[in-house]
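This is what each chain is made of:
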Amino acid sequence: MDDENESDYPLSEDEEEYLDLLLNNQLEEENGREYDFVPVLSSQGSCEDGSQSTVSTSASQDPLATSLYWKDDKDFDDGMKDPRTFSFKPEKAPGLQFGFLTRQSLKAFKKPVDFLYLFLTHQIVLQICIATNHHAEQLIAKGQNLSYSDSDGGWNQVTVAEMYRFFGIVIYMSIVNLPNLEKYWSRSPLYDASVVDKVMPIIRFKALLSFLQINCDPDKDDKLTRIGLLLDHVQNVSQSMYHPYEAVSVDERMVSSKHQYSGIRQFIRDKPIRFGIKLWVLADALSGYTYAFYVYLGKKRTVICQKSKGLAYNVVMELGKNIFQQGYRIYTDSFYTTQHLADDLLTKRTFLIGAVRRTSSAMPKQFKDIEQFEKCSARGDFRWHRANCFAYVQWRDCKTVTVISPIHRGSDVSYCHRTVNERKGFKKKKVVQPSVIHDYNTNMGCR
């Protein structure tokens with residue numbers, strides 16, 4: 001027994017309890033009983049800039065915390081402006097905009113297709129029919145695609161009603177997936193449920209698919225020339241039909257596409273759709289409704305009005321130009337957030353709440369010691385800093401996040417629940433969360 005190593009003995013019950021408490025950073029007396037082997041911890045110190053440092057329990061127990069800039073919920077943030085200056089005053093009542101419709105016409109909205117007609121209007125479909133007929137006549141006159149011509153060698157003009165049926169088949173095919181195009185017109189009992197053959201013959205569908213055009217006079221130097229008219233139409237209708245609520249978010253969205261050689265097909269690793277057309281989108285945070293968008297054409301082709309302030313700055317200013325001076329809150333991720341953007345939006349009575357990268361101009365110098373902050377903080381610890389009109393909040397979660405806001409108080413907190421891995425298994429734990437972080441997580445993206 002004497003030769004056995006002392007480390008082979010198991011821990012005593014008291015030692016195990018103390019180890020659990022130490023791992024949770026919540027060292028305290030239990031049932032009036034003190035442990036004899038509790039180490040002496042360092043007391044609070046002052047900040048490097050001379051201001052008083054008020055730290056949480058876990059940070060105050062670490063000697064490194066004495067050299068950190070630290071203000072938390074114990075230091076009241078009295079620098080926030082009067083909330084009445086952030087009042088939301090939209091030009092229109094937020095929500096659906098059906099003021100242009102009469103009460104009688106509203107009663108006719110009984111089927112989903114009635115709402116589709118609000119976007120796919122008779123005017124835009126007529127424009128597509130004109131462009132398609134013009135393109136078909138040109139190709140057939142050149143001796144191309146003659147298999148789709150009439151018996152006399154001409155082109156059977158497509159009408160608005162026929163084009164609506166064509167679009168209906170395309171939508172049906174996006175929902176009902178079959179191995180190939182011919183299966184939708186198959187008479188086999190296996191595919192007999194398809195109704196496509198009763199709407200349009202396959203030869204006519206292939207003809208419209210081959211000659212389909214939106215613009216009669218395409219510009220070869222413009223990558224969006226063939227669909228630009230449709231994009232403008234959809235955006236104008238989208239903005240006329242809906243006015244967003246107070247919180248909106250800016251992000252990118254991928255539209256799946258397998259086309260090649262266009263020069264605008266993008267790849268984003270972390271998106272559900274990794275290959276496709278990238279859109280910059282401004283969406284209502286409450287409903288997810290897309291209010292404004294435009295297509296990203298790549299670094300060389302994208303027009304940037306203020307090159308000195310970067311692409312991200314111009315994206316937000318372009319998407320939000322119709323909601324300025326109304327008190328909107330724009331939520332962005334760290335790609336877009338800069339101090340220039342926050343300042344310029346504030347002059348337009350629009351408020352940026354955004355995540356901040358370490359290298360961003362919006363990151364205050366007091367928060368750049370992130371490694372040291374992570375060493376002496378626990379999950380749920382945070383610190384805040386106020387400069388001019390903005391509050392900057394840095395919070396420790398799975399990783400450290402920093403957020404800027406002109407309309408939040410840095411010291412305000414809420415609570416959230418996190419799953420924590422402890423010695424006895426995973427447990428739900430109530431964790432302090434700054435109010436600005438909670439607000440950001442609620443409104444960033446769409447629900």
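Here, every reference points to the structure presented above.
Each chain has its residues counted from 1, following the order in which its sequence is written. Whole-chain, interface and lining totals are the exception, using all residues; otherwise, since this is a predicted model, local features are given only for residues with pLDDT of at least 70 and side-chain atom pairs are given and counted only at 80 or more. Think of the side-chain values as coming from all heavy atoms in the structure, minus any hydrogens and water.

Mind showing me how you'd approach the overall build of the chain here?
A run of H or I in DSSP becomes a helix once it reaches four residues, and a run of E becomes a strand once it reaches two; helices and strands are each numbered from the N terminus. Looking only at helices and strands, the chain features 12 helices and 13 strands. Working definition: with a 1.4 Å probe on protein chains only, accessible area under 20% of the residue-type maximum means buried, over 50% means exposed, and in between means partly exposed. The proportion of buried residues among the 447 residues of the chain is 42%. Here a residue-residue contact requires only that any non-hydrogen atoms of the pair lie within 4.5 Å. Across the chain, contacts joining residues at least 24 apart in sequence account for 56% of those joining residues at least 6 apart. Only the protein chains shown count as cover for residues, and the accessible areas themselves come from Shrake-Rupley with a 1.4 Å probe. As displayed, the chain offers around 26,100 Å² of accessible surface, 52% of which is attributable to carbon and sulfur atoms.

Explain the pattern of salt bridges to me, please; I cannot follow it from the model alone.
For side chains bearing opposite charge, pairing can occur when the charged atoms are close. We define a salt bridge as a contact between a side-chain nitrogen of Lys or Arg and a carboxyl oxygen of Asp or Glu at a distance within 4 Å. As enumerated under the stated definition, the model contains 14 salt bridges in all. Measuring nitrogen to oxygen at the nearest pair gives 3.3 Å for the salt bridge that ties R329 to E246. In this pair, R329 sits in strand β7 (residues 329-332) while E246 sits in the loop between β2 (242-243) and β3 (247-256), placing the two residues 83 residues apart along the sequence. For R329, a relative accessible area of 22% corresponds to the partly exposed category. Judged by relative accessible area, which is 25%, E246 ranks as partly exposed. Among the salt bridges present, the one from D412 reaches R409, with a minimum N-O distance of 3.8 Å. Residue D412 is classed as partly exposed on the basis of its relative accessible area of 32%. Connected through salt bridges with shared partners, the residues E246, R329 and D439 form a single ionic network.

Hey, could you run me through the side chain of T132 in this one?
For T132, the position within the fold is in helix α5 (residues 122-141). Judged by its relative accessible area of 0%, T132 falls in the buried class. Residues contacting T132, with those up to four places away along its chain left out, are V158, M163, F211, L212 and Q213.

Sorry, what's going on with unusual backbone geometry here?
Glycine aside, residues mostly have negative phi angles, and peptide bonds mostly take the trans form. With a phi close to 50°, N145 is a non-glycine residue in the positive phi region. Note that N145 resides in the loop between α5 and α6 (160-175). In the Ramachandran plot, Q325 falls in the positive-phi region, its phi being about 65° despite a non-glycine side chain. Position of Q325 among the secondary structure elements: in the loop between α9 (310-319) and β7.

Please explain helix α12 (residues 435-443) as it appears in this structure.
Counting along an α-helix, one turn takes 3.6 residues, and residues three or four places apart therefore face a common direction. All buried positions along α12 are accounted for by V436, I437, D439, Y440 and N443. Down the axis of α12, the smallest arc covering the buried residues is 165°, so these residues share one side. Buried-residue contacts for α12 involve β3, β7, β8 (351-355), β10 (390-396), β11 (400-405) and β13 (425-434). Remark: G445 follows α12 within two positions and exhibits a positive phi of approximately 80°. In this description, one arc is meant: the one made by directions from the helix axis to the C-beta atoms.

Please clarify how the pairing of strand β9 (residues 382-387) should be interpreted in this entry.
Counting buried residues along β9, five of its six residues qualify, which places the element largely inside the surrounding structure. Strand pairing follows a simple DSSP-based rule, namely that at least 2 bridges must link the two strands. Where β9 lies against β10, six bridges are found, and the strand directions are antiparallel. Paired with H385 across the bridge in β10 is Y392. Taking the residues that link successive antiparallel strands as the turn, the β9-β10 hairpin has two residues, and the phi of N388 there is positive, at about 60°.

Explain the nonpolar core to me, please; I cannot follow it from the model alone.
Soluble globular proteins: nonpolar side chains tend toward being buried together. Counting residues in hydrophobic clusters, the biggest one holds 31 residues, and the most contacted among them are V250, L282, I330 and L345. Mapped by element, the contributors of at least two residues to this core are β3, β5 (275-284), β6 (290-295), α9, α10 (339-347) and β10. Sort the elements by how many residues they give to this core and α9 lands first, with six residues. Not counting chain neighbours up to four residues away, the residues in contact with L282 comprise V248, S249, V250, Y289, T290, Y291, A292, L319, G320 and I323. We call a set of buried Ala, Val, Leu, Ile, Met, Phe, Trp, Tyr and Cys residues a nonpolar core when their side-chain atoms join them within 4.5 Å. Counting residues in hydrophobic clusters, the runner-up holds 26 residues, among them I140, Y148, V160 and I214.

I keep staring at the packing of aromatic side chains and nothing clicks. Help me out?
The description of two aromatic rings rests on the distance between their centres and on the angle between their planes. Classification of ring pairs uses Phe, Tyr and Trp, with its six-membered ring standing for Trp, and accepts pairs whose centres are within 6.5 Å; under 30 degrees between planes counts as stacked, over 60 as edge-to-face, and the remaining range as tilted. Throughout the structure, instances matching the rule amount to 19 aromatic pairs. For the pair Y172 and Y184, a centre-to-centre distance of 6.4 Å together with 70° between the ring planes defines the contact as edge-to-face. Placement of Y172 in helix α6 and of Y184 in the loop between α6 and α7 (202-211) is noted, with a sequence separation of 12 residues between them. Here Y172 falls in the partly exposed class, since its relative accessible area comes to 24%. Given a relative accessible area of 5%, Y184 falls into the buried group. These aromatic residues form a ring-pair network of at least three members: F166, F167, W185 and F205. Whether a charge sits over a ring depends on NZ of Lys or CZ of Arg being within 6 Å of the ring centre and within 35 degrees of the ring normal. Between K278 and the ring centre of Y296, over which it is positioned, the NZ or CZ distance is 4.6 Å. Positioned above the aromatic ring of Y415, the side-chain terminus of K430 is 4.8 Å from the ring centre.

Looking at this model, I keep getting lost on a nonpolar patch on the surface. Mind explaining?
The patch calculation keeps residues exceeding 30% relative accessible area without a salt bridge and links them within 9 Å when they carry like charges or within 5 Å when they are nonpolar (Val, Leu, Ile, Met, Phe, Trp, Tyr). On the surface, a nonpolar cluster with roughly 440 Å² of combined accessible area is contributed by V113, L116, Y117, I171 and I175. Breaking the nonpolar patch down by element, the ones donating at least two residues are α4 (112-119) and α6. The leading source of residues in the nonpolar patch is α4, at three residues. A relative accessible area of 34% places L116 in the partly exposed class.

Sorry, what's going on with the environment of D284 here?
Relative to the assigned elements, D284 resides in strand β5. Here a polar contact means two N or O atoms within 3.5 Å. Within protein one must be a hydrogen donor candidate and the other an acceptor candidate, and residues neighboring in sequence count only if both atoms are side-chain atoms. Within the local environment of D284, its side chain forms a polar contact with the side chain of S287, the two groups lying 2.8 Å apart.

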